[in-house]
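Read off the chains here:
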Amino acid sequence: MNITEFAAYAGVSKAAVSRYFNGGYLSEEKRARIAAAVEATGYHPSLQAQMLRTRRTRQVLVILPKLSSESCARMVEGISDVLDQNGYQLLLVNTSNDSSREVAALNLLQQNTVDGVILIATIFTPEHRTVLASLRLPVIILGQEYPGFCSVSHDDRGAAHAATTHMLSKGRTAPGFLGVTMLDKAAGLDRRRGFEDALREAGVPLRPGRTSIAAFNMESGYEQASTLLEREPSLDCLFCATDSIAIGALQYCRSHGIRVPEDLMITAVGDSEAGRVAYVPITSVQLHYRTAGRMAAEMLLEHLADPHTKPENQVLGYALRPRASTGDASPEENIWAE
């Protein structure tokens, strides 16, 4: 059934049908007649026809670094909430933390196959800057700030500061650091700076031998905890850049007779489900990933409605969740909460 046949069936004009499906003004009588006709026939306008008319695909590309990441999953859920409510489809590209694959995915957008893109990236290269500058569609950076582009980010520096300060406030004086690559501005550089801020404020010296760099997984957390604690057995607290790294460190402690929190306190950033249900629940800083995803999607839709909107950056706060890994009890906590 085409639009002419449907309009005749509903007893209205084609223009009225078009206004109905595009959210335009209609009298209550005509709206009711069209709605009844849709119910009876199942009619819906051709997506291809709408695309040709509006030059819009109603599709948004989301590029993410790791499909298995809980934080990425929460952000995508938030994005999907908003896009679904506004009639947009979400397309995903998983780059497996490979920046060259991110650039390749962005290059595909030269073909205008989507209306906009939300990029969840960890490391930005000169190639990113070149291809992003060449795109003629709105781009939202999610997870960190990027000059010249709209972004939704977290206060990673403040989060790391809060987690580290919590341990130092309990009398710990020999802190260690398990971070990620400093090329990652948010999880790497900013969380390292937050850790150092806390030490500086507490008058605790930072010793180079008490830091190590891990990958974004539990296995690397275990391995780097082994390296760090064998080199510096006097450590009495450990800040980890992510929950996954912290869980790996926790397992190393378990297998080597290191008591948590009695011998070693552990904190992290991310507040994952896995960290909440670990054999010693991990004190972690909650970042509002799903909210960030919603905000990024809303920001993208605003720019689609008004392409001249100026770039802006929204920074979300955080919440420290003290648990047993720092000697804190949390009996009333809902460990399944988002």
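Residues numbered from 1 in each chain as written. Predicted model: local features only at pLDDT ≥ 70, side-chain atom pairs only at ≥ 80, totals over all residues. Heavy atoms only, no water.

### What to know about the nonpolar core
Stated formally: Here the nonpolar core consists of buried residues drawn from Ala, Val, Leu, Ile, Met, Phe, Trp, Tyr and Cys, with membership extended through side-chain atoms lying within 4.5 Å. Each residue's exposure class comes from its accessible area (1.4 Å probe, protein chains only) as a fraction of the maximum for that residue type: buried when under 20%, exposed when over 50%, partly exposed otherwise. To qualify as a helix, a DSSP run of H or I must reach at least 4 residues; to qualify as a strand, a run of E must reach at least 2; elements of each kind are numbered from the N terminus. Here, two residues are considered to be in contact whenever any of their heavy atoms come within 4.5 Å of each other.
Ranked by size, the top nonpolar core spans 41 residues in total, and within it Ile-118, Leu-142 and Phe-239 carry the most contacts. Per-element tally for this core: the top contributor is helix 13 (residues 289-305), with 8 residues. Apart from residues no more than four positions distant in its own chain, Leu-142 is found in contact with Met-75, Ile-79, Ile-118, Leu-119, Ile-120, Ala-121, Val-152, Ala-292, Gly-293 and Ala-296. Among the nonpolar cores identified, the runner-up in size contains 25 residues, and Leu-228, Leu-235, Ala-268 and Val-280 belong to it.

### Side note on the sheet that holds strand 4 (residues 139-142)
Worth spelling out the cut-off: Each pair of strands is called paired provided DSSP finds at least two bridges between the two strands. With axes taken as lines fitted to C-alpha atoms, and helix axes fitted only over the stretch in contact, angles between N-to-C directions fall between 0 and 180 degrees.
Here 6 strands make up an open sheet; going across it, the order is 2-1-3-4-5-11 and the pairing parallel. Looking at the sheet topology across the chains shown, the edges are occupied by strand 2 (89-94) and strand 11 (313-316). Averaged over all pairs of adjacent strands, the angle between strand axes in this sheet comes to 15°, irrespective of strand direction. With 3 bridges joining them, strand 3 (residues 116-119) and strand 4 adopt parallel strand pairing. Bridged to Ile-118 within strand 4 is Ile-140.

### Here's the deal with helix 9 (residues 185-202)
Rules: How far a helix is expected to stretch is found by multiplying one less than its residue total by 1.5 Å. Whenever two N or O atoms come within 3.5 Å, that pair is a polar contact, provided that in protein one can donate a hydrogen and the other can accept it, and provided that, for residues adjacent in sequence, both atoms are side-chain atoms.
Look at helix 9: 24 Å from first C-alpha to last across 18 residues, which is about the 26 Å you get at 1.5 Å a residue. With a side-chain oxygen positioned 3.2 Å from the backbone nitrogen of Ala-186, the residue opening helix 9 is Asp-184.

### As for the environment of Arg-172
Along the chain, the position of Arg-172 falls in the loop between helix 8 (156-168) and strand 6 (175-179). Along the backbone, Arg-172 and Cys-237 are 65 residues apart, and their C-alpha atoms lie at a distance of 6.5 Å. Ignoring anything within four residues of it in the chain, the contact list for Arg-172 reads Met-167, Asp-236, Cys-237, Pro-261, Glu-262, Asp-263, Leu-264 and Met-265. Among the polar contacts made by the side chain of Arg-172, one reaches the main-chain carbonyl oxygen of Asp-236 at a distance of 2.7 Å. A distance of 3.1 Å separates a polar atom in the side chain of Arg-172 from the backbone oxygen of Pro-261.

### Some words on the side chain of Ser-284
Of note, Ser-284 is situated in strand 10 (residues 283-287). Side-chain polar atoms of Ser-284 contact the side chain of Asp-243, separated by 2.6 Å. When near neighbours in sequence (up to four residues on either side) are disregarded, Ser-284 contacts Asp-243, Ala-268, Val-269, Gly-270, Asp-271, Ala-319, Leu-320, Arg-321 and Arg-323.

### Quick word on the side chain of Gln-286
Its location among the elements puts Gln-286 in strand 10. Of the polar contacts made by the side chain of Gln-286, one reaches the side chain of Arg-321; its length is 2.5 Å.

### Re the state of the cysteines
Where we set the bar: The disulfide criterion used throughout: a pair of cysteine sulfur atoms within 2.5 Å.
Scanning the entire structure with this criterion turns up 0 disulfides. A disulfide-free cysteine, Cys-240 has its sulfur positioned 8.9 Å from the sulfur of Cys-253, the nearest such atom. Overall, Cys-253 belongs to the buried group, its relative accessible area being 1%.

### Topic: helix 3 (residues 28-41)
Its 14 residues place the ends of helix 3 20 Å apart at the C-alpha level, agreeing with the 20 Å of an ideal helix rising 1.5 Å per residue. At the exit of helix 3 stands Gly-42, carrying a positive phi of roughly 75°.

### Concerning the packing of aromatic side chains
Two descriptors summarise a pair of aromatic rings, namely the distance from one centre to the other and the angle between the planes of the rings. Note the threshold: Only rings of Phe, Tyr and Trp enter the pairing, Trp through its six-membered ring, and a pair is recorded when the two centres are within 6.5 Å. The plane angle decides the type: under 30 degrees is stacked, over 60 is edge-to-face, the rest tilted.
Tallied over the entire structure, the rule returns 7 aromatic pairs. Residues Phe-177 and Phe-239 carry aromatic rings whose centres are separated by 5.9 Å and whose planes lie at 25° to one another, so their mutual orientation is stacked. With Phe-177 in strand 6 and Phe-239 in strand 8 (residues 237-240), this pair connects stretches of sequence that are 62 residues apart. The exposure classification of Phe-177 matches that of Phe-239, with both residues buried.

### Structural notes on unusual backbone geometry
Between Val-260 and the following residue, Pro-261, the backbone shows a cis peptide bond with an omega angle of 10°. Checked against the element boundaries, Pro-261 lands in the loop between helix 11 (243-255) and strand 9 (265-269). For Asp-271, which is not a glycine, the phi torsion comes out positive at approximately 50°. You can call Asp-271 buried: its relative accessible area is 3%.

### Re the sheet that holds strand 6
Spatially, the 6 strands line up as an open sheet ordered 7-6-8-9-10-12, and their pairing is mixed. The open sheet terminates on both sides in strands that have one partner only, identified here as strand 7 (211-213) and strand 12 (318-321). Sheet twist, expressed as the average angle between the axes of neighbouring strands with direction ignored, equals 15°. Alignment of strand 6 against strand 8, held across 4 bridges, turns out to be parallel. Along strand 8, the bridge assignment pairs Gly-176 with Leu-238. Seen against the sheet, helix 9 touches strand 6, strand 7, strand 8, strand 9 and strand 10 and runs at an angle of roughly 170° to strand 6.

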